[in-house]
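Chain and residue survey
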Amino acid sequence: MAFVSTRGAERVSAPEAIVRGIAPDGGLYAPETLPRWTREDFDALSQKDYPARAALILSQLLDGFTENELLAMTKGAYARFSVPEVAPVRPLSDSRAVLELFHGPTMAFKDMALQMLPRLLTASARKQGETREIAILTATSGDTGKAALEGFQDVEGTSVTVFYPLGGVSAVQEKQMVTSRGSNVHVTAVRGNFDDAQTGVKKLFADPDFIGKMNALGKTLSSANSINLGRLAPQVAYYLSSCADLLASKTIDWETGVNICVPTGNFGNILAAWYAKRMGAPIRKLICASNRNDVLTDFIRTGVYNKRRPFHKTISPSMDILISSNLERFLLELADGDAEQVRQWMESLSETGEYHIGPDKLARMRETFFGGCADDEKTKAAIGRVWQEEKYLMDPHTAVAEAVASNYRTETGDQTPILIVSTASPYKFAADVADAIGVPVSGDAFDAAQELEAATGVPAPKQVAELKSLPVLHSRVCEKDRMGEAVLAAFRED
Ligand SMILES: *Cc1c(COP(=O)(O)O)cnc(C)c1O
């Protein structure tokens, strides 16, 4: 299958799209066509284990890879998950279920893709004849950094450098990053905020002097961020997989199908659900759940994307985003493949801060999408309610989705079974979760997890207990205009 840029006519193969990350015209690579699944395909899928499911699905999505080659990758990638199902579906009452995507090494859903990306990227580079080491540079506001460090740790032919804003991530997130092991990983704190770190990385990608110095060291630059096709494709797999499970357990039937509610930031996760629907999965509505940063809620309700609004810090920080970059891939479909139209919308966004899709396209988007948001107070109420009623513990991101899903039912009366996507372990945000269910915590962020476990009896992932005592291995700090020097210095010290 070929991939096209959302802003131009260029067509490339999957390995090429994965190596490049972003298209030269600034667009994202989107699939030109998608395979079409039948009911029988889902029945057959439910007989396989997760690595086999993912390999089959990826072999249909990505040209240039055989199913066997992909199976070797998925087996390796998902071996580090703590449950055999990898992405289990847990039933709740009232025709609701939760798709748990947080059983990977960093306890957030990004592991589902970032354990695969290094494997896809190195294989793609080989297929493209690239022999240099791939140096991943990434700025993080929290979860992506650790997931990238874990994914690329000791992967031959790669290195990974993560920049995070000094004082701008949670204590647990910082500890997770600065204790990272691996002979090819570097972590540096930047004196500045997340935007400074992000801008600094973008500048390095466009700095010929820096690129030349890296090339002289035998390295070529690449990025691990969520617009890479190598991150998107593995996410489609768990949607088809969960539909197969829901059908096999008769939790849903083929005719009625299921609504899916996704806690959304960059629109990457929910976009994968959209592709699964287009492939024939019995998915009806896609409910896009936001926190107080409700730019997508407004977009889905009005057809106007307007990023000029205050940025709010919330208890679901991975969704604190005003520019949802993956939305661009959906826009290409809404524009019936008209890349020029997408280019104009994106130009308008960067020049005026907004774009309008017009009433017809809005109506078409709303046939599938519903947008809703929940502030911190509603999020905490949802954590408390679900704990009271179901003895099920949700993290704040998942709880945003639960709150919005519940609103959706009240607002529309639609009682179709609903799958709530859970993107993080409650133990990653233990202090806020404990507060929401009324468990007093006395110690620091690390102790909160133990106290939450003691109070609820819900087992904490073993990474949590280990974290507090792990040795700090990375303590480099740099100024925001010296990030390139920090990268080069780290390589010289290796
Ligand atoms: C990244 C992240 C999200 C948002 O996912 P997008 O693909 O950016 O929409 C939601 N929850 C958690 C815990 C995350 O880490």
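This text goes with the structure placed above it.
The structure contained in this document is the topic of the report that follows. Note that the structure is predicted; figures quoted are calculated from it, not measured. (Residues numbered from 1 in each chain as written. Predicted model: local features only at pLDDT ≥ 70, side-chain atom pairs only at ≥ 80, totals over all residues. Heavy atoms only, no water.)

**Re empty space enclosed by the protein**
Selection rule: For each structure, a 1 Å grid was placed over the protein atoms alone; sets of points admitting a 1.4 Å probe that cannot get out are labelled cavities, open sets with protein on both sides within 12 Å along at least five of seven lines are labelled pockets, and lining residues have an atom within 4 Å of a point. Grid points are joined across faces, edges and corners, and a volume is the space filled by probe spheres set on the points. The helix count covers DSSP runs of H or I at least four residues long, the strand count covers runs of E at least two residues long, and both are numbered beginning at the N terminus. Each residue gets one label: Ala, Val, Leu, Ile, Met, Phe, Trp, Tyr, Cys and Pro are nonpolar, Asp, Glu, Lys and Arg are charged, and the others, such as Gly, are polar.
Across all of its chains, the model carries two cavities of 30 Å³ or more by this definition. Size it by volume and the largest cavity reaches roughly 70 Å³. In terms of lining residues, the largest cavity is bounded by eleven residues, among which F3, P31, L61, L229 and A233 are the most central. The leading source of residues in the lining of the largest cavity is helix α11 (residues 229-248), at four residues. Partitioned by chemical class, the residues of the lining of the largest cavity number eleven nonpolar, no polar and no charged.

**Some points on unusual backbone geometry**
Of note in the backbone geometry, K250 takes a positive phi value of approximately 60 degrees without being a glycine. Relative to the helices and strands, K250 is located in the loop between α11 and β10 (258-263).

**Observations regarding the side chain of D143**
What counts is decided by this rule: Throughout this description, buried means an accessible area under 20% of the type-specific maximum (1.4 Å probe, protein chains only), exposed means over 50%, and partly exposed covers the range between. Polar contact criterion, stated in full: a pair of N or O atoms within 3.5 Å, where within protein one must be able to donate a hydrogen and the other to accept it, and residues adjacent in sequence count only if both atoms are side-chain atoms. Any two residues whose heavy atoms approach within 4.5 Å at even a single point are treated as in contact.
Among the secondary structure elements, D143 is positioned in helix α7 (residues 143-152). Accessibility expressed as a relative area gives 6% for D143, which makes it buried. Side-chain polar atoms of D143 contact the side chain of S318, separated by 2.6 Å. Dropping the residues within four chain positions of it, D143 is found in contact with A108, K110, Q173, S318, K428 and F429.

**What to know about the site of the ligand**
Condition: Residues are counted as near a molecule or strand when any one of their heavy atoms sits within 4 Å of it.
Around the ligand, a shell composed of 15 residues is seen, among which K110, D143, G265, N266 and T423 lie nearest. N269 places a main-chain nitrogen or oxygen 2.9 Å from an oxygen atom of the ligand. Residues belonging to the shell around the ligand are distributed by class as follows: five nonpolar, eight polar and two charged.

**Concerning the nonpolar core**
Side chains of nonpolar character tend, in soluble globular proteins, to be buried together. We count it as follows: To define a nonpolar core, start from buried Ala, Val, Leu, Ile, Met, Phe, Trp, Tyr and Cys residues and group those joined through side-chain atoms within 4.5 Å.
Counting residues in each nonpolar core, the largest one holds 109 residues, and the members touching the most others are L62, Y239, L240, L331 and Y355. Tallying contributions element by element places α11 first for this core, with twelve residues. The residues touching L240, leaving out its near neighbours within four places in the chain, are W37, F42, L45, I57, A276, M279 and A281.

**Focus: helix α14 (residues 327-334)**
When you tally the buried positions in α14, you get eight out of eight residues, the bulk of the element. Taken together, the buried positions of α14 are occupied by L327, E328, R329, F330, L331, L332, E333 and L334. Where α14 terminates, the next one or two residues include D336, which has phi positive at roughly 55 degrees.

**Some remarks on the pattern of salt bridges**
For clarity, the threshold we go by: The term salt bridge refers to a pairing of a side-chain nitrogen on Lys or Arg with a carboxyl oxygen on Asp or Glu at a separation within 4 Å.
Applying the stated criterion to the full structure yields 33 salt bridges. With a shortest N-O distance of 2.7 Å, R96 and E390 are connected by a salt bridge. One end of the pair, R96, is in strand β5 (residues 96-100); the other, E390, is in helix α17 (residues 376-390), and 294 residues separate them in sequence. A salt bridge links D444 to K468; the nearest nitrogen and oxygen atoms lie 3.4 Å apart.

**Quick look at the pairing of β5**
Threshold: Two strands form a pair only when DSSP identifies at least two bridges running between them.
Most of β5 is tucked away, with five of its five residues classed as buried. On β5, burial covers both faces: R96, V98 and E100 on one face and A97 and L99 on the other are all buried. Bridge analysis of strand β4 (residues 89-92) against β5 gives four bridges, and the strand direction is antiparallel. Counted as the bridge partner of L92 is R96 from β5. Hairpin connection between β4 and β5: a loop of three residues separates the two successive antiparallel strands, and D94 in this loop has a positive phi of roughly 55 degrees. Note that β5 and strand β15 (residues 418-422) share five bridges and pair parallel. Paired with R96 across the two strands is I418, which belongs to β15.

**Observations regarding the sheet that holds strand β1 (residues 3-5)**
Spatially, β2-β1-β3 is the arrangement adopted by the three strands of the open sheet, whose pairing is antiparallel. Each edge of the open sheet is held by one strand with a lone partner, namely β2 (11-12) and β3 (29-31). Examined bridge by bridge, β1 and β3 share three bridges and lie antiparallel to one another. In the sheet register, V4 faces β3, and the bridge partner there is A30.

Note that every value here comes from positions in space, so none of it alone points to a role or purpose.
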